[in-house]
Amino acid sequence: MTDAGELTVTLLRFGFLILLWILVLSTVGALRRDLVVGRRNKVGTPTAREIRRNPDLVDQAPPARTTARQLVVTEGPLTGTVLELASSPILLGRAQESSLVLEDDYASGRHARLFPQGSRWFVEDLGSTNGTYLAGQQLTRALPVEPGVPIRIGKTVIELRP
Amino acid sequence: MSDVLTAPRSRRNIELVLLLLALVVGIGANFLANLGRNEPLGDYFWSQALTLGLMGLFLHIVLRFRAKYADPVILPIVIALNGIGLAMIHRLDLSALSVNPEFTPVAPQQVMWTAVAIGAAAVLLLVFKDHRILRRFTYTSLIVSAVLLLLPLMPPPLGLEINGARIWISVGFGTFQPGEIAKITLAIFFAGYLSTNRDLILLAGKKIGPLQLPRFRDLAPMAAAWVVSIGVLIFQRDLGSSILFFGLFMVMIYVATSRVSWVLIGLAMIAGGVFVALELFSHVALRFDSWINAFDPDVYNRAPGGSGQVVQGLFGLADGGLLGTGLGGGRPDLVTYANSDMIIAALGEELGLIGVVAIVMLYVILVSRGIRAALGTKDGFGKLLACGLSFTIALQCFVVIGGITRLIPLTGLTTPFMSAGGSSLLANWLIVALLLLISETARRPVTSTPMKNSFPEPVGVTGKIGRTRAAREGTR
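On a predicted model such as this, the values are computed, not experimentally measured, just so you know.

(A) Molecular detail of the packing of helix 6 (residues 178-203) of chain B against helix 15 (residues 422-443) of chain B. All names here are of chain B. Interhelical geometry of helix 6 versus helix 15 gives an angle of 20° and a closest axis separation of 7 Å. Accordingly, the angle class assigned to the pair helix 6 and helix 15 is roughly parallel. Once helix 6 is placed against helix 15, the crossing between them reads as right-handed. On helix 15, the residues touching E180, I181, K183 and I184 of helix 6 are S423, S424, A427, L430 and I431. Grouping the constituent residues of the contact of helix 6 with helix 15 by class yields 5 nonpolar, 2 polar and 2 charged.

(B) Up close: the pairing of strand 5 (residues 112-117) of chain A. Residue and element names in this part refer to chain A. Bridge count for strand 3 (residues 90-93) against strand 5 is 3 bridges, and the pairing is antiparallel. Following the sheet pairing, I90 is matched in strand 5 by L114. Where strand 5 and strand 6 (residues 120-125) come together, 6 bridges link them in antiparallel fashion. Within strand 6, the residue paired with F115 across the bridge is F122. Here strand 5 folds back onto strand 6, and the loop between the two strands holds 2 residues, one of which, G118, carries a positive phi near 65°.

(C) Looking closely at the confidence of the model for chain B. All names here are of chain B. This prediction gives chain B a mean pLDDT of 83; 88% of its residues lie at or above 70. A low-confidence stretch, residues 1-5 (pLDDT under 50), is modelled with 14 contacts involving residues beyond four sequence positions or located in other chains. Of the two predicted TM-score estimates for the complex, the pTM is 0.75 and the ipTM is 0.84.

(D) Up close: helix 3 (residues 74-99) of chain B. Taking 1.5 Å as the rise per residue, helix 3 of chain B with 26 residues should run 38 Å; its terminal C-alpha atoms sit 38 Å apart, in good agreement. Burial runs high along helix 3 of chain B: 22 of the 26 residues are buried.

(E) Layout of the sheet that holds strand 3 of chain A. Strand order in the open sheet formed by 5 strands is 4-3-5-6-9 (chain A), and the pairing between neighbours is mixed. Since the sheet does not close on itself, it has two edges, and those belong to strand 4 (100-101) and strand 9 (143-145) of chain A, each with one partner.

(F) Molecular detail of the confidence of the model for chain A. Per-residue pLDDT for chain A averages 80, and the proportion of residues at 70 or more is 80%. Every residue in residues 38-43 of chain A scores below 50 in pLDDT, and together they form 9 contacts with partners more than four places removed in sequence or on other chains.

(G) Molecular detail of the pairing of strand 11 (residues 156-161) of chain A. Residues and elements named next belong to chain A. Taken together, the 5 bridges between strand 1 (residues 70-75) and strand 11 define a ladder with antiparallel strand orientation. Each bridged residue has a counterpart across the sheet, and for Q70 the counterpart in strand 11 is R161. Taken together, the 3 bridges between strand 10 (residues 151-153) and strand 11 define a ladder with antiparallel strand orientation. Along strand 11, the bridge assignment pairs I151 with I158.

Procedures and definitions
- Residues take numbers from 1 onward in each chain, read along the sequence in its written order.
- Chain labels run from A onward and ligand labels from 1 onward, assigned in the order the entries are written.
- Only residues with pLDDT of at least 70 are given local features in this predicted model, and only at 80 or more are side-chain atom pairs given and counted; all residues enter the totals for whole chains, interfaces and linings.
- Under this scheme, a helix contributes an axis fitted over its contacting stretch, all axes are lines through C-alpha atoms, and angles between N-to-C directions fall in the 0 to 180 degree range.
- The secondary structure listing takes helices from DSSP runs of H or I that are at least 4 residues long and strands from runs of E that are at least 2 residues long, numbered from the N terminus.
- Any angle that falls under 35 degrees is termed roughly parallel, while one over 145 is termed roughly antiparallel, one within 65 to 115 roughly perpendicular, and all others oblique.
- Handedness of each helix crossing follows the sense of rotation of the near helix against the far helix: counterclockwise by less than a right angle gives left-handed, clockwise gives right-handed.
- Note on contacts: each residue gets a C-beta atom placed from the backbone, and two residues are in contact if those atoms are within 7 Å.
- When residues are grouped by polarity, Ala, Val, Leu, Ile, Met, Phe, Trp, Tyr, Cys and Pro land in nonpolar, Asp, Glu, Lys and Arg in charged, and all others, Gly among them, in polar.
- Between any two strands, at least two bridges found by DSSP are needed for them to pair.
- On a scale of 0 to 100, pLDDT captures the predictor's confidence in every residue.
- Expected helix span is computed as 1.5 Å times (number of residues minus one).
- Buried residues are those with 20 or more other C-beta atoms within 10 Å of their own C-beta, exposed residues have 12 or fewer, and partly exposed residues lie in between; C-beta atoms are placed from the backbone.

In structure tokens, the structure reads:
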């Protein structure tokens, strides 16, 4: 075999080894995106085009936190008062710092508290003198409030509205 | 665990690119083998290139239509391994022919088997749209496995004894190892059985210390697997398959229950089996002796069960060194069974450590893709099946490469996709088809958008529903 021929064979020999590794590495490269398991390992942010094709890729906006949107006073001195619910807790009582200041002689200063958790609102008695009643039952602990269920504080009755 | 946040893309185009690269590797290896042996490119070169190319592209097209979301790298890897194997078998044929012109080449038959095996894989993909159908055949496949394992023990017209092992049957045009197919049917049975009875096996049983021991009757399938493996060892005198079957069952039961106690019981059973085998069967004892005392001249030259084969392979690997002698440049033909059991030694000699590590890497990626499919798929049967099947490939590679490099005693198992032997090739291609099917179910996008309009609107307190339904009726 001539020198040139031998050189070609040697080059082809090494070339084949390089080719083998190119195959291995390009295979691994093709899997780069796919090697992730689970959400935390998400690699890179999806491009606008990917999002358009696969809306699942973006984290969906957290679901509406509460189904109830309004607090309405249905009985008592403040009947007709409407309070828009945000995602912050609401203090009910005669104290001036309350979210809804009750002008009700049978209500305590800091009477009860409404707070959102998950997708529901809960009501909790804050140690009032005359108690808080949810659907006629006196509260002993925090309980979820469904829209339309009356909460009685003294002479005042409030309920949540969707 | 299995929710992967990647875009559902079919990735068939990437598969095509990788497939072309794999074909360049497989056909290039054959070209270099001819070049290294100073042979003109004969009929064989073209038949290898055409078979590999056309069948590979055919399977790719089948995937495009039938399993659009299947894993994109499995097919290219297997095509590359198969092509390198064909090239090496052909290269060893050339050496044998130069010594003995009467020698019948092995490679053309292997090319034919490649075509048959890829065709069978395509048929499997076309027939089964979903691997879960196989679960219906849980107990059928147990019976099929038993029949397949018993076939070689039939009297001579059917069963054949070659080199002391009774694992072959004669079919019209040649020989076939039914045990290779049995590993698939056994995997299907184990997957079906364990996915059904998993909870029972998990919950029952006493707890001793940190180990939750299984109930005695839940041990029955494990005992059955052990009996099958020992039976294969005693009656077929095939240590490799016996390790493979028992290892397959142990892995699948561990994956199903994640109980260490099962593995410990299994290992104890293996230790017992190995002890008995060492005492009773000379061929097993000789294997161990030629493993530990491989370089002893007496052991090296011993007529049956000597260590000549392993040591020649090691010399070959040493001769290859880091870069190898180049395809056609070494003397791998000095090793007995260079084209089947010892093909890794032949490749190590001619491609060197760098080449052999690349091949091992291809196996590692292949197995990891199988396990990935198992992680991704939702059904327990598919998980177990994909795990078991990928593990058989891994265990085979470990047993073969470990045996050749004298890490463990040499046992006669085939190197998947590479060794000469049609039944092994067929079985492994069927495994690939099953892994592709499972990966397709794992990666196929699920329709996750809410089903609009298919449910009545939620009944509100306000009684809005009557009004909206009436409104809808009106506009229709």
